[in-house]
Amino acid sequence: MKPFLIGTVWLYFAALLIGPIAYLSVQSFGEGVSAFWAEITTPEAVHGFVLTAEITAIVLTVNVVFGTITALVLARQRFVGQTVLSGIIDLPFAVSPVIAGFMLILLFGPETILGTMLGAAGIKVLFALPAMVLATLFVTFPFVVRELTPLLQTIGTEGEEAARTLGANEWQVFLKVTLPSLRWGLIYGATLTAARAIGEFGAVLVVSGNILMLTQTATLHIYQSYVDFNYTAANAVAFTLLAVSFGILALLEIAKARAAAVLQA
Amino acid sequence: MRSRRVIQLALRSAAVGYVVCLILLPLSALGREALVAGPGRFVEDVTQPQALAALTLTLETALITTVIHAVLGTISAVVLVRYEFPGKWFLNALVDLPFAIPTLVAGLMIAAIYGPTGVLGAWLQDRGLAILYEKPGIVLAMLFVTMPFTIRALQPVLIELEREPEEAAFTLGASPWTTFWTVTVPSVLPGLLTGVFLTFVRALGEFGAIVIVAGNIPMKTQVASVYVYGEIESYNPRGATSVSIAILAVSFLALVLLERLTRPPGERMPALLRPRGRAPMTVAS
Amino acid sequence: MKGRISLSRIAGRVSVGLLLLLLPAVPISAEDARELILAAYSVPKEAYERKIIPAFQRYWKQRTGQTVRVRSSYGASGAQARAILGGFEADVAALSLESDLDQIAKAGAISHDWRKGPHGGVITTSVVAFGTRKGNPKGIATWEDLARPGVEVLYPNPKTSGGAMWDIVAIYGAGLKLWAQQVGPGRSADGAAAEAYAAGLLKRIQRNVKVMDKSGRESVTTFERGIGDVIVTYENELLPRVWSGRPYEIIVPSETLLIENPVAVVDRHVDRHKVRDVAEAFVAFLHSDEAQAAFAELGFRPVNQAATVRARGAFPRPANLFTIADLGGWDAVRARLFGPQGLWTKTVEELARDG
């Protein structure tokens, strides 16, 4: 039974994931390593990588902070509308990126209240970095919350209550009791957020204006290359993004295994 | 303590405020656009033959995807948690990758392998199974982007699971199969439900991968997200937003249902009706 | 606790990292640099980036001593128009269809009559043509051949692709012309019968379409991947691919549609950015020999007389060329074909019902 099940799982992964990714890897180096390197060091590619890194850094910071707060509120508090809040949190998964981008245009377009107010203040949202950050914040929001909420529910409040009776204030309780037990959930949620932010495409395409060397993220550069028939560049940059994401995830797996080994030792 | 209440309220306002601004505000802009000509027009937009066909196709393929992942995802989660084998760390790291891959790239990869001129696609086509540009292609794209959900939702629950009930069942003579269905599955139900519902909801909204691998022929192989894109591009924002709202409504209902079904035991009553003074039960760690 | 992560140290590192990352994004402004924002459709990207923009930058430097920085964006024509409507502050819009420019004009961003410019505001033309595999194995020559059973046809979705609209309008117009030829000069005044024939032709061809990509360019990449027997697209999409060695044949049917690509200065934005002089010079430059030659090298049919003469060898002249004006203009055609009761919309629904 056991080998049959393991075999099934390998086949499932191979057909769905390993096959396509292996294909991409092979295609990326089809023209040789120097061609691969040349394509990921073009000014456009480098700009794309830097812009993606910028957006990811901002999104990580904001969504980790607010995600943690939201998880705490959902898991530790009881209030009217909690079910509704919980349902809303996962909605970004269901919104197609075209719509996500379109919503931002509906919200910040030139004919809108927000649009005219911000425009008068000289702040550009759409077709500039802010809109791209907003779009990415939107699509990555659920990750940290979804990781932390069940974890908080599982851990329970005993440790926290104990700390309170010993005289700790809320911030100390959070920092010294809650946060350490959330450590792996937080890191994992942050990793997923980063990986998703790196790969965001559809919504950013709509709200960025796709301006060369200004608002073209790495994924937009992949699309541009594909549309320019430059498959070598498209594959090379795609492979690089994948390698970075896979690298982060693999490191996480190894670190988790080490931590588990330490706990058992 | 009063300061604790204050902090609780502050945190709640921050969380609710953020969610409202980031998620509700844009969604309400969408809703306003959809209903700008009244609910009658909304219904009309959603029941246009092409819109209806797109919605039906989307629901159908999302359901198929969910069923496949429910089965194979559960098996994968069990295998990854319970068994040790070479390459396990590799598979574990792979599971989350679909979150990171731009959907455009996912679509291109699938098209390259399963397309009529692709490595596997040509072989399958000779045997009469066309994947790309037909329904199977749509399901394949949905399978790809939703792969992590079931597995990742089940793994932590399986890890936490106490083995005693299962071992007790064994000693009483139950087969592995029976044990699985009567002991394991009910205990991991919340995790399973979460994974299944999230898979469904995510599949409903997928665009980037599907638009590459589907034929996108209206009323035949066009899913809702592609239909919506077409309407936006042809200056029919109201039609686009109406169908989007329809899909989002289905997703929202599913997510609310999920929340009710997976609430920790002992908290079935809404907060307003719970007797005062009793602390909620927490799941033992 | 062993191995605890210090939150404050992480926060410190992240902030420093953020600062370092954000610094390069702060622009360093040059004193006499002017900035021009160009929104173009995707196909002429190479012409603009490789030849026309650098040439214009040299020209402007020579004329005024100023440096021009061009920020360019390429995407589907309709998407670019909508971006401009959504607030994208392009100074010059070089789009695929005049009706996309009209949308921008309707919103008030373009306030002059761009059709009054040289060549009616058009900078390049092309024709709707067929691309087949090398040797034309299915023997495609006319529109009727596309309707034959067993022929797989490719073109994008007209809802999302301006190019597809040109393609389908070409089918429709060709249908009208073919019908007129068949029945001879006497009966060609019978509008309803001609319409019926054109509708039938469109239906028979649409039946052979299995994949509709969202843009013309993506349609070509699908064709390149080996899908389909014949692709209906702009001639200027096919020519550069063939010139770079791809094994395709290009067939220009004798009844086909003239595609005209216009360009216009976006008044609202050039006045806001104070770059009207640069923008108008840029648009004028697009009609110059140098720019027109660059377009011709990419497979566009230039509008400039001198360039046309030089390029004449490469561009066959279809016997029965017609234009969008012949069919009543974009507004009328859009309503007739793509509206909720439009010919193409109905065709698709009928085909779905037929199963």
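Our subject is the structure listed above.
Residues numbered from 1 in each chain as written. Chains lettered and ligands numbered in written order. Predicted model: local features only at pLDDT ≥ 70, side-chain atom pairs only at ≥ 80, totals over all residues. Heavy atoms only, no water.

**Observations concerning the nonpolar core**
- The biggest cluster of nonpolar side chains holds 180 residues, and the ones touching the most others in it are Phe 13 of chain A, Ile 101 of chain B together with Phe 88 and Ile 104 of chain C.
- Counting residues per element, this core draws most heavily on helix H8 (residues 135-160) of chain B, which supplies 13 residues.
- Ignoring anything within four residues of it in the chain, the contact list for Phe 13 of chain A reads Ile 18 of chain A together with Ser 76, Leu 80, Leu 91, Leu 94, Val 95, Met 147 and Ile 151 of chain B.
- Membership of the second largest hydrophobic core comes to 82 residues, among which are Leu 146, Leu 178, Phe 322 and Val 333 of chain C. (Core = buried A, V, L, I, M, F, W, Y, C linked by side-chain atoms within 4.5 Å. Buried < 20%, exposed > 50% of the residue type's maximum accessible area, 1.4 Å probe, protein only. Helix = DSSP H or I, 4+ residues; strand = E, 2+ residues; numbered from the N terminus. Contact = heavy atoms within 4.5 Å.)

**Things to note about the pairing of strand S1 (residues 33-41) of chain C**
Residues and elements named next belong to chain C.
- Of all nine residues that make up S1, seven are buried, and the element is covered over most of its length.
- Where S1 lies against strand S2 (residues 67-75), nine bridges are found, and the strand directions are parallel. Note that in S2 the partner of Ala 33 across the bridge is Thr 67.
- Taken together, S1, helix H2 (residues 45-64) and S2 constitute a β-α-β crossover, and its handedness is right-handed.
- Bridging between S1 and strand S3 (residues 92-94) involves three bridges; their strand directions are parallel. Paired with Leu 38 across the strands is Val 92, a residue of S3. (Pairing = 2+ DSSP bridges. Right-handed = clockwise from strand over helix to strand, strands pointing away.)

**Observations concerning the interface of chain B and chain C**
- Contacts between chain B and chain C engage 26 residues on the former and 27 residues on the latter.
- For the pair chain B and chain C, the summed buried surface comes to about 2,300 Å²; carbon and sulfur atoms form 55% of the total.
- Of all residues in chain B, the largest losses of buried area upon contact with chain C belong to Tyr 133, Glu 233 and Tyr 235 of chain B, amounting jointly to 29% of the total for that side.
- Here Lys 159 of chain C ties to Glu 231 of chain B by a salt bridge, and the two come within 3.1 Å at their closest N and O atoms.
- The tally of links from chain B across to chain C stands at six residue pairs in polar contact (both at pLDDT 80 or more).
- Only helix H3 (49-82), helix H6 (103-114), helix H11 (208-213) and helix H12 (224-233) of chain B provide two or more residues apiece to the side of chain B that touches chain C.
- Element by element, the count of residues in the side of chain B that touches chain C is highest for H12 of chain B, at five residues.
- The class makeup of the residues in the side of chain B that touches chain C is 15 nonpolar, seven polar and four charged. (Buried area = accessible area lost by both parts, 1.4 Å probe. Salt bridge = Lys/Arg side-chain N within 4 Å of Asp/Glu carboxyl O. Polar contact = N/O pair within 3.5 Å; in protein donor to acceptor, adjacent residues only side chain to side chain. Nonpolar A, V, L, I, M, F, W, Y, C, P; charged D, E, K, R; others polar.)

**Here's the deal with a nonpolar patch on the surface**
- Nonpolar side chains collect at one region of the surface, where Met 1 and Phe 4 of chain A together with Trp 177 and Trp 181 of chain B lie side by side and expose about 570 Å² of accessible area between them.
- On the secondary structure map, Met 1 of chain A appears in the segment before helix H1 (2-28).
- Met 1 of chain A sits in the exposed class, given a relative accessible area of 64%. (Patch = residues over 30% accessible without salt bridge, like charges linked within 9 Å, V, L, I, M, F, W, Y side chains within 5 Å. Areas by Shrake-Rupley, 256 points an atom, 1.4 Å probe, with all protein chains shown as cover.)

**Considering the pattern of salt bridges**
- One pass over the structure, following the stated rule, counts 40 salt bridges over all chains.
- In this structure, Lys 138 of chain C engages Asp 229 of chain C in a salt bridge whose closest nitrogen and oxygen atoms are separated by 3.4 Å. Separated by 91 residues along the polypeptide, Lys 138 of chain C in the loop between strand S4 (122-133) and helix H5 (143-146) and Asp 229 of chain C in the loop between helix H8 (216-224) and strand S6 (230-234) bring together distant segments of the chain.
- What emerges from the salt-bridge pattern is a single network uniting Glu 161, Arg 164 and Glu 170 of chain A together with Arg 4 of chain B.

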